[in-house]
Amino acid sequence: MGNNTYVKSICSIFQARFKRFKKIDKIDSLINKEFYLNLVRECYIYVKEHLMENDEDMFLNYFTKEEGEEIRAEIELIKKDRTSFLK
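A few points on the structure. The residue numbering used here restarts from 1 in each chain and proceeds along that chain's sequence as written. Residue-level local features of this predicted model are given only where pLDDT is at least 70; pairs of side-chain atoms are given and counted only at 80 or more, and the full residue set underlies all totals for whole chains, interfaces and linings. Side-chain measures were taken over the full set of non-hydrogen atoms in the model, leaving aside hydrogen atoms and water.

Note on ring pairs: Phe, Tyr and Trp rings are taken, using the six-membered ring of Trp, and paired if centres are within 6.5 Å. Classes follow the plane angle, with under 30 degrees stacked, over 60 edge-to-face and the rest tilted. Tallied over the full model, the rule gives 1 aromatic pair. Taking the centre distance of 4.7 Å and the plane angle of 15 degrees together, the rings of Phe-59 and Phe-63 count as stacked. In this scheme, a residue with accessible area under 20% of its type's maximum is buried, one over 50% is exposed, and one in between is partly exposed, where area comes from a 1.4 Å probe on protein chains only. Overall, the relative accessible area of 5% leaves Phe-59 in the buried class. The class for Phe-63 is buried, based on a relative accessible area of 10%.

Here it is in structure tokens:
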């Protein structure tokens, strides 16, 4: 496998791990679920934005411009509509 495959695999794993947080309603010991979900949402946005903005040339080595636009659109949607997170 080349670097491209590894990077894409890591992004898929990252995405799948965050989707697990949708199950917070099943965590009885969690006191403030809204705070927890907002924290996870902000972390998700931070990681995605810095993936793209830290080194744009490096990002474009592994992702297409169309994928970058999709990620930007996803981030903007999540920022505007909190209920769209992890849908």
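Next, the rest of the story.
This brings us to the packing of helix H2 (residues 33-53) against helix H4 (residues 65-80). As a packed pair, H2 and H4 sit with axes 10 Å apart at the nearest point and diverge in direction by 150 degrees. By the angle between their directions, the pair H2 and H4 is classed as roughly antiparallel. Both H2 and H4 take part in a crossing whose hand is left-handed. Two secondary-structure elements touch here, H2 through Arg-41, Tyr-44, Ile-45, Lys-48, Glu-49 and Met-52 and H4 through Gly-68, Ile-71, Arg-72, Glu-74, Ile-75, Ile-78 and Lys-79. Classifying every residue of the contact of H2 with H4 by side-chain character gives 6 nonpolar, 1 polar and 6 charged. Working convention: axes come from line fits to C-alpha atoms, limited for helices to the stretch in contact. Angles between N-to-C directions cover 0 to 180 degrees. Under the scheme used here, helices are H or I runs from DSSP no shorter than 4 residues and strands are E runs no shorter than 2 residues, and both carry numbers assigned from the N terminus. These descriptions rest on fixed angle ranges, namely under 35 degrees for roughly parallel, over 145 for roughly antiparallel, 65 to 115 for roughly perpendicular, and the rest for oblique. The handedness criterion is simple: a crossing whose near helix is rotated anticlockwise from the far helix by less than a right angle is left-handed, and one whose near helix is rotated clockwise is right-handed. By definition in these notes, contact holds between two residues if any of their heavy atoms fall within 4.5 Å. Ten residues, namely Ala, Val, Leu, Ile, Met, Phe, Trp, Tyr, Cys and Pro, are considered nonpolar, four, namely Asp, Glu, Lys and Arg, are considered charged, and the remaining ones, Gly among them, are considered polar.

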